[in-house]
Amino acid sequence: FADWKEILQGDWNRKTMEELAVHCDLPRLAPVMTVGGVDRSSETCDEGDDVWAERAAKIHHILIQVGQLTGDDATVLALTQKWDKLVPTPAVDMAPMMQQVLRECIPEDSPTARTLRCLGQSMLFAPLSYIRHCVWQPYCTALRDDPVWDIAVDADGYVTVTHKRRQTSAFGARDT
């Protein structure tokens with residue numbers, strides 16, 4: 001566990017968004033994400049729309065918001081112009097469509113891409129494993145309820161991606 005920072009830095013420098021599985025993680029995490037303090041989890045589509053259309057709309061909103069908040073105008077424009085062509089009918093497995101969206105709309109070196117890379121599980125795995133091993137492992141276990149993801153951008157353009165997950169004490173009391 002001593003070299004977790006080197007592993008994290010190596011993954012960040014070496015892996016693309018596709019290799020970090022952002023195209024899989026974003027559709028899975030979208031229902032529990034907020035961006036810029038705006039929680040869209042309670043929004044629903046019109047009566048005739050289904051859950052996959054709702055999820056696609058939420059992903060689109062998340063990407064647009066991240067682009068706007070990070071000042072990534074080129075990505076916002078590309079997403080606005082190409083989304084309907086790239087995601088014509090939302091499906092259960094949105095990963096292939098998301099790969100196309102990432103390739104065609106979000107350059108790897110853009111502020112939006114750097115923010116989305118933080119959602120990759122390997123970006124969280126090394127430090128989280130280290131912390132769990134040292135602190136939580138003997139005392140807590142993760143609960144299987146919905147985790148919370150939040151993306152915030154401050155006035156200076158500094159992006160913070162926060163992940164919260166509830167833990168339960170090995171002694172029976174619920175902790176958060």
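For the structure, check the block above.
Definitions and limits used
- Numbering of residues begins from 1 in every chain and follows the order in which that chain's sequence is written.
- Selection of residues for local features in this predicted model requires a pLDDT of at least 70, selection of side-chain atom pairs for listing and counting requires 80 or more, and totals for whole chains, interfaces and linings are taken over all residues.
- Values shown for side chains rest on all heavy atoms present in the structure; no hydrogens or waters enter the calculation.
- Segments assigned H or I by DSSP are reported as helices when at least four residues long, segments assigned E as strands when at least two residues long, and all are numbered from the N terminus.
- Only protein chains enter the accessibility calculation, which uses a 1.4 Å probe; a residue whose area is less than 20% of its type maximum is buried, one above 50% is exposed, and one in between is partly exposed.
- Any two residues having at least one pair of non-hydrogen atoms within 4.5 Å are treated as being in contact.
- For the accessible areas, the method is Shrake-Rupley and the probe is 1.4 Å, while residue cover comes only from the protein chains on display.
- Interaxial angles span 0 to 180 degrees and are taken between N-to-C directions of axes, which are lines fitted to C-alpha atoms, for helices over the stretch in contact.
- When an angle is under 35 degrees it counts as roughly parallel; over 145 it counts as roughly antiparallel; between 65 and 115 it counts as roughly perpendicular; any other value is oblique.
- Two helices cross in a left-handed way if the nearer one is turned anticlockwise from the farther one by less than a right angle. They cross in a right-handed way if the turn is clockwise.
- Residue polarity follows a fixed list, in which Ala, Val, Leu, Ile, Met, Phe, Trp, Tyr, Cys and Pro are nonpolar, Asp, Glu, Lys and Arg are charged, and the others, Gly among them, are polar.
- Put simply, buried Ala, Val, Leu, Ile, Met, Phe, Trp, Tyr and Cys residues joined by side-chain atoms within 4.5 Å make one nonpolar core.

## Thoughts on the overall build of the protein
- When you go through the protein residue by residue, the secondary structure sums to 7 helices and 7 strands.
- Reading the secondary structure of the protein in the N-to-C direction produces α-α-β-β-α-α-α-α-α-β-β-β-β-β.
- Per-residue burial over the protein gives 36% buried out of 176 residues.
- Of all intrachain contacts in the protein linking residues separated by at least 6 positions in sequence, the fraction that spans at least 24 positions is 66%.
- Carbon and sulfur atoms make up 53% of the accessible area of the protein, which totals about 10400 Å².

## What about the packing of helix α2 (residues 22-29) against helix α3 (residues 51-69)?
- Relative to each other, α2 and α3 sit at 110 degrees, their axes nearing to 9 Å. Comparing the axis directions of α2 and α3 gives the class roughly perpendicular. Between α2 and α3 the crossing geometry is right-handed. Here L26, P27 and R28 of α2 lie close against α3, whose contacting residues are R55, I59, I62 and L63.
- When grouped by side-chain class, the residues that make up the contact of α2 with α3 number 5 nonpolar, no polar and 2 charged.

## A word on the nonpolar core
- By size, the foremost hydrophobic cluster in this structure holds 31 residues, and its most contacted members are L26, L63, W83 and L116.
- Among the secondary structure elements, those contributing two or more residues to this core are α2, β1 (33-35), α3, α4 (73-86), α5 (95-105) and α6 (111-117).
- It is α3 that provides the largest number of residues to this core, a total of 6 residues.

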